[in-house]
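Take a look at the letters that make up each chain.
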Amino acid sequence: MSDFVIPPPAIAAVPVDGGGHFPVRRIFCVGRNYAEHAREMGADPDRELPFFFCKPADALVTGGAAMPYPPMSSSLHHEMELVVAIGTGGADIPEASALSHVWGYAAGLDMTRRDLQNQAKKEGKPWDMGKGFDHSAPIGTMIPAARFPAPTRGAIELKVNGAVRQSSDLSKLIWSVAETIAYLSRLVTLAPGDLIFTGTPEGVAAVMRGDVLEGSVAGVGTVRTVIS
Ligand code: MN
């Protein structure tokens, strides 16, 4: 289209291991998808269907770039997560074929202004400004799904300044990757370019300017950023 009245926005993209970029359309995030994290947030993990919130695609921070400490918060928390990249869209995707819609996987951080999120929860308001702010989604290099079996188990870990802060296993996901895709595709029609942050294990905590965050998901890769 050549009649845009302002220049069209750039397409957010994630570098792919081996070359190229994965173009990003939307970012969906699953809430409370590990039991121990749900408990540390004061929720009962046995009584919830999966629920979702979103971040804008241009919240991504790639290539190990620094993440600026966000405004309007004094409680920036890390949430280390497995990220799923949708290559083939669809609605009402059956769980049995859900993984065939995945193009790749990455390690990512669902950075959270916990003070704003907690205030929103208390007041029954949306989470958007606690979750979907600028630079709130650092992500590592994406690995094509064709290269390895779907990650259903394996260590997920985050170190801050070299000390382990979060350490769990993908087998502890309450809703598996396939179940999450199937359920989300009932709520919205998934499209190529959609990312799903699949939730964080326990151990979330605050970071400060200068902290170095290094996350890893076994078999999937790493994510690194420094808070600036
Ligand atoms: Mn999260």
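Owing to the predicted nature of the structure, the values given are computational and were not obtained by experimental measurement. (Residues numbered from 1 in each chain as written. Predicted model: local features only at pLDDT ≥ 70, side-chain atom pairs only at ≥ 80, totals over all residues. Heavy atoms only, no water.)

So what exactly am I meant to see when it comes to the overall build of the protein chain here?
Check the secondary structure of the protein chain and you find four helices and 16 strands. Taking 228 residues into account, the globule formula puts the C-alpha radius of gyration at 17 Å, and the protein chain, at 17 Å, falls close to it. Projected onto the principal axes, the alpha-carbon positions of the protein chain cover approximately 45 × 40 × 35 Å. Counting every position in the protein chain, which comprises 228 residues, the buried fraction comes to 48%. Residue pairs in contact within the protein chain that sit at least 24 positions apart in sequence constitute 76% of those at least 6 positions apart. Approximately 10,500 Å² of the protein chain is accessible, and the part contributed by carbon and sulfur atoms is 55%. Taking the average place of the 20 positive charges on the side chains of the protein chain and the average place of its 24 negative ones, the gap between the two points comes to 3 Å. (Helix = DSSP H or I, 4+ residues; strand = E, 2+ residues; numbered from the N terminus. Rg over C-alpha atoms; globule rule 2.2 N^0.38 Å. Buried < 20%, exposed > 50% of the residue type's maximum accessible area, 1.4 Å probe, protein only. Contact = heavy atoms within 4.5 Å. Areas by Shrake-Rupley, 256 points an atom, 1.4 Å probe, with all protein chains shown as cover. Lys, Arg positive; Asp, Glu negative; His and termini not counted. Charge placed at Lys NZ, Arg CZ, Asp CG, Glu CD.)

For this particular structure, what's the right way to read the state of the cysteines?
By definition, a disulfide links two cysteine residues through a covalent bond between their sulfur atoms. Enumeration over the complete set of coordinates arrives at zero disulfides. Here Cys 29 is not disulfide-linked; the sulfur of Cys 54 is the nearest cysteine sulfur, at 7.1 Å. (Disulfide = S-S within 2.5 Å.)

How should I be thinking about the packing of aromatic side chains in this particular structure?
To describe a pair of aromatic rings, you give the distance between the ring centres and the angle between the ring planes. Taken as a whole, this structure holds five aromatic pairs when the rule is applied. Here the aromatic rings of Phe 22 and Trp 103 are separated by 5.9 Å at their centres, their planes lie at 35°, and the arrangement is tilted. Taken as a pair, Phe 22 in strand β2 (residues 21-23) and Trp 103 in strand β8 (residues 102-109) lie far apart in primary sequence, 81 residues in all. Where Tyr 105 meets Phe 148, the ring centres are 5.7 Å apart and the plane angle is 50°; that geometry is what we call tilted. On the criterion of sequence distance, the pair formed by Tyr 105 in strand β8 and Phe 148 in the loop between β11 (143-144) and β12 (155-160) is long-range, its members being 43 residues apart. Residue classification places Phe 148 among the buried positions, given a relative accessible area of 18%. (Phe/Tyr/Trp six-rings, centres within 6.5 Å; stacked < 30°, edge-to-face > 60°.)

Teacher, can you tell me more about the sheet that holds β8 here?
Hydrogen bonds between backbone atoms are what pair the strands of a sheet, whose relative direction is either parallel or antiparallel. Across the sheet, six strands lie side by side as β4-β3-β14-β7-β8-β11; this open sheet has mixed pairing. This sheet does not close on itself; its edge strands, each paired only once, are β4 (52-55) and β11. (Pairing = 2+ DSSP bridges.)

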